[in-house]
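Chain by chain, the residues:
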Amino acid sequence: NLPDSQGLETFQTLHSTAPWLPVVLLTGMEDEGTGLRAVQEGAQYYLVKGQVSGPVVARSLRYAVERNRSLQWHRDKSRHTSGGRIISFLGVKGGVGTTTLALNAAAVLAQDKLVIAAELRADYGSFAAHFRKLSGPNLSGLYRMDTAELSESLLEQRLINSQLGFYLMFGPQTVADFHEVPVMHAEKMLTLMTQMGDFVILDLSPSPGAAQEVMIRRSNAVVLVSERDDSSLMSAK
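Below is a short write-up of the structure. Here the structure is a predicted model, which means the values were calculated and not measured. (Residues numbered from 1 in each chain as written. Predicted model: local features only at pLDDT ≥ 70, side-chain atom pairs only at ≥ 80, totals over all residues. Heavy atoms only, no water.)

1. Observations concerning the overall build of the protein
For the record, the criterion: Under the DSSP-based scheme used, a helix requires at least four consecutive residues in state H or I and a strand at least two consecutive residues in state E, with every element numbered from the N terminus. Partly exposed describes any residue whose relative accessible area lies between the buried limit of under 20% and the exposed limit of over 50%, with all areas from a 1.4 Å probe on protein chains only and scaled to the type maximum. It only takes one pair of heavy atoms within 4.5 Å for two residues to be counted as in contact. Only the protein chains shown count as covering a residue, and every accessible area follows the Shrake-Rupley method with a 1.4 Å probe. Two residue types count as positive, namely Lys and Arg, and two as negative, namely Asp and Glu; His and chain ends fall outside the count. A charged residue contributes its charge at one atom only: NZ of Lys, CZ of Arg, CG of Asp or CD of Glu.
For the protein, the helix and strand inventory stands at 9 helices and 8 strands. Seen along its three principal axes, the alpha-carbon backbone of the protein occupies a region of about 70 × 40 × 35 Å. Burial status across the protein gives 42% buried among its 237 residues. For the protein, restricting intrachain contacts to residue pairs at least 6 apart in sequence, the fraction spanning at least 24 positions comes to 74%. Entry remark: accessible area of the protein is about 12,600 Å², with carbon and sulfur atoms responsible for 55%. Taking the average location of the 22 positive side-chain charges in the protein and that of its 24 negative ones, the two points are 2 Å from each other.

Written out as structure tokens, the structure reads:
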């Protein structure tokens, strides 16, 4: 109960304002009907006061986040009908704004397309720094797997909703995660990503490598990001 709303109305106001957020209700025993009605209207789960423990609450929240992520992805995926296109953004050096451009392009394309922005790279990814409140699994663990094991399902588990209409795939977040991207893995993962979305936006590392050559070759377009100073222009050349 709040000063300006009570019961189901509180949930309905929250859900209509931020429909992408998973919601778990905590209700009294006499309000179980309200909890069930909320689930029917979009809540992920409801708990009854006095009948739950700390571990149950934590498990319910984790379940709600996972279920919401999966439902949102599959709702959006229903819009995807054909093979996706790859647009790569490559900075001539760090600090020229490559990631910002890539994410803005993803947001524009996502207005009517299913878009995945991925950091398919061996070293530190900066998507997480741009979305400070978001966290989740990164792609580096897949580089250590056998290529034959890679699947859409494994990639879907690493999708993170940006809340801006497109999905993110984080690169390594710590030094311990750093791992060279095997060429065969790059090929397979790009194939899977283009099956999953209409557009795949790649934020490439300024450091060249065999896997990066694969990504550039597979791209429908490559955006080379530079500044006007001499060193940037030489690097671009």
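2. Here's the deal with the nonpolar core
Quick note on the threshold: Definition used in this section: a nonpolar core is a set of buried Ala, Val, Leu, Ile, Met, Phe, Trp, Tyr and Cys residues joined via side-chain atoms within 4.5 Å.
Formed by 30 residues in total, the largest nonpolar core has its most connected members in L139, L155, M169, M189, L202 and M215. Listing elements by their share of this core, those giving two or more residues are strand 3 (85-91), strand 4 (115-118), helix 6 (152-156), strand 6 (167-169), helix 7 (183-196), strand 7 (199-204) and helix 8 (210-218). When residues of this core are assigned to their parent elements, the largest contribution, 6 residues, is made by helix 7. With sequence-adjacent residues up to four places away left out, L202 is seen in contact with I86, I87, S88, F89, A118, L120, L190 and M215. The next biggest cluster of nonpolar side chains, apart from the first, holds 20 residues, and it includes V92, V96, A106 and V115.

3. Focus: the pattern of salt bridges
Note the following rule: Only one rule defines a salt bridge in this text: a Lys or Arg side-chain nitrogen within 4 Å of an Asp or Glu carboxyl oxygen.
In total, this model carries 6 salt bridges according to the counting rule given. Taking the shortest distance from any N to any O, the salt bridge between D229 and K93 comes out at 3.8 Å. Remark: K93 occurs in the loop between strand 3 and helix 4 (98-109) and D229 occurs in the loop between strand 8 (221-225) and helix 9 (230-236); sequence separation between them is 136 residues. Assessed through its relative accessible area of 29%, D229 is described here as partly exposed. Taking the shortest distance from any N to any O, the salt bridge between D123 and R121 comes out at 3.2 Å. Several salt bridges share partner residues, and in doing so they unite R121, D123 and D203 into one network.

4. Quick notes on the environment of G84
Relative to the assigned elements, G84 resides in the loop between helix 3 (54-77) and strand 3. By relative accessible area, G84 is classed as buried at 17%. Between the C-alpha atom of G84 and that of I116, which follows or precedes it by 32 residues, the distance is 9.8 Å. Each residue touching G84, except ones within four places of it in the same chain, is listed here: T194, G197 and D198.

5. A short note on a nonpolar patch on the surface
Stated precisely, the cut-off is as follows: To count toward a patch, a residue needs a relative accessible area above 30% and no salt bridge. Like charges then connect within 9 Å, nonpolar side chains (Val, Leu, Ile, Met, Phe, Trp, Tyr) within 5 Å.
On the surface, Y124, V175 and F178 cluster together into a nonpolar patch covering about 300 Å² of accessible area. Among the structural elements, V175 can be located in the loop between strand 6 and helix 7. Taking relative accessible area as the criterion, V175 reaches 67% and is therefore assigned exposed.

6. A few points about the pairing of strand 1 (residues 24-27)
Stated formally: Pairing between strands is defined by DSSP: at least two bridges between the two strands are required. Here a crossover is taken to be right-handed if, once the strands point away from the viewer, the path from the first strand over the helix to the second is traced clockwise.
Burial along strand 1 is one-sided: L25 and T27 are buried, while V24 and L26, pointing the other way, are not. With 4 bridges connecting them, strand 1 and strand 2 (residues 45-48) associate as parallel partners. The residue bridging L26 from the neighbouring strand is L47, located in strand 2. Following the backbone out of strand 1, through helix 2 (residues 32-40) and into the adjacent parallel strand 2, one traces a crossover that is right-handed.

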